Amino acid sequence: MKYWLIKSEPDVFSIDDLKKVKREAWDGVRNYQARNFMMKEMKPGDLALFYHSNAKPPGVAGIAKVAGETYPDPTQFDKRSDYYDSKSKQDNPRWWLVDFQFVKKFKQEVPLDALKADNQLSEMMVCQKGTRLSITPVQAKHYERVLKLAGEKA
DNA sequence: GCCAACGTTGGC
DNA sequence: GCCAACGTTGGC
């Protein structure tokens, strides 16, 4: 089993929204690296830290779980969607996604500051300067450390 | 295939 | 609102 960190802007879709809807298609990812993680490496049951970007403060807000297999992102074929991609073919879709399922919301969010300040997490990708990738792999030891900082049991 | 211009992300 | 980082696009 692998661990991940997924970013979302809470103004658009927050951990509370995920809690409400229980399960959500992670659509709109238009970055090849992030797509490749979903397409080739994520497996149902993998756990992800749910990170609030562009928030005050930004930080990890809870946990989500990969809820199913990879499938083509339907928004790429929807002309009215912001994520429409005219170059993607029905018989050879360019963009793929997975669904995420709500697992838990931290009682106490772990702000980016705290991640950066923790010497055990200095190698975590989200702590590195200039990491804009919306989906990143997370090492098990880092995942467990973040849970600990949140005051949660692993 | 190079690279300048441009767009987006996301912390601050 | 600013701007650094960096991915993408398109002219050549």
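Residues numbered from 1 in each chain as written. Chains lettered and ligands numbered in written order. Predicted model: local features only at pLDDT ≥ 70, side-chain atom pairs only at ≥ 80, totals over all residues. Heavy atoms only, no water.

(A) Representation of the protein's contact with DNA strand B within the structure. Looking at DNA strand B, the residues that line it are Lys-7, Tyr-51, Ser-53, Asn-54, Pro-58, Leu-112, Lys-116 and Arg-132. Protein-adjacent atoms of DNA strand B, using a 4 Å cutoff, are sugar or phosphate at a proportion of 68%. Within the side chain of Lys-7, a nitrogen or oxygen atom sits 2.9 Å from a phosphate oxygen of DNA strand B. Contact distances for DNA strand B include 3.4 Å between a phosphate oxygen and a side-chain N or O atom of Lys-116. Per-class residue counts for the surface near DNA strand B are three nonpolar, two polar and three charged. (Near = heavy atom within 4 Å. Polar contact = N/O pair within 3.5 Å; in protein donor to acceptor, adjacent residues only side chain to side chain. Nonpolar A, V, L, I, M, F, W, Y, C, P; charged D, E, K, R; others polar.)

(B) The nonpolar core, seen in detail. By size, the foremost hydrophobic cluster in this structure holds 22 residues, and its most contacted members are Ile-6, Trp-26, Met-38, Met-42, Phe-50, Phe-100 and Ile-135. For this core, the elements supplying multiple residues, two or more each, are strand E1 (3-8), helix H1 (15-21), helix H2 (32-41), strand E3 (47-52), strand E4 (59-66) and strand E7 (99-111). The residues contacting Trp-26, other than those within four sequence positions of it, are Ile-6, Lys-7, Ser-8, Phe-13, Met-38, Phe-50, Leu-97, Val-98, Phe-100 and Ile-135. (Core = buried A, V, L, I, M, F, W, Y, C linked by side-chain atoms within 4.5 Å. Buried < 20%, exposed > 50% of the residue type's maximum accessible area, 1.4 Å probe, protein only. Helix = DSSP H or I, 4+ residues; strand = E, 2+ residues; numbered from the N terminus. Contact = heavy atoms within 4.5 Å.)

(C) Structural context of the sheet that holds E7. Taken in spatial order, the six strands make up an open sheet running E2-E7-E4-E3-E1-E8, and their pairing is mixed. Looking at which strands have only one partner, the edges of the open sheet turn out to be strand E2 (23-25) and strand E8 (135-138). Between one strand axis and the next, the sheet turns by 35° as a mean value, whatever way the strands run. Where E4 and E7 come together, seven bridges link them in antiparallel fashion. Opposite Ala-64, over in E7, you have Phe-102 as the bridge partner. Along the sheet face, H2 touches E1 and E8 and points at about 55° away from the line of E8. Strands in contact with helix H4 (residues 140-149) are E1, E3, E4, E7 and E8; relative to E7, the strand with the most contacts, it is inclined by about 55°. (Pairing = 2+ DSSP bridges. Axes fitted to C-alpha atoms, helices over the stretch in contact; angles between N-to-C directions.)

(D) Spatial organisation of the protein's contact with DNA strand C. Neighbouring DNA strand C are the residues Tyr-32, Lys-129, Gly-130 and Arg-132. For DNA strand C, the fraction of atoms within 4 Å of the protein that belong to sugar or phosphate moieties is 69%. Taking Lys-129, its side chain carries an N or O atom lying 3.1 Å from a phosphate oxygen of DNA strand C. With respect to DNA strand C, the backbone of Gly-130 contributes an N or O atom lying 3.4 Å from a phosphate oxygen. Among the residues forming the surface near DNA strand C, the class breakdown is one nonpolar, one polar and two charged.

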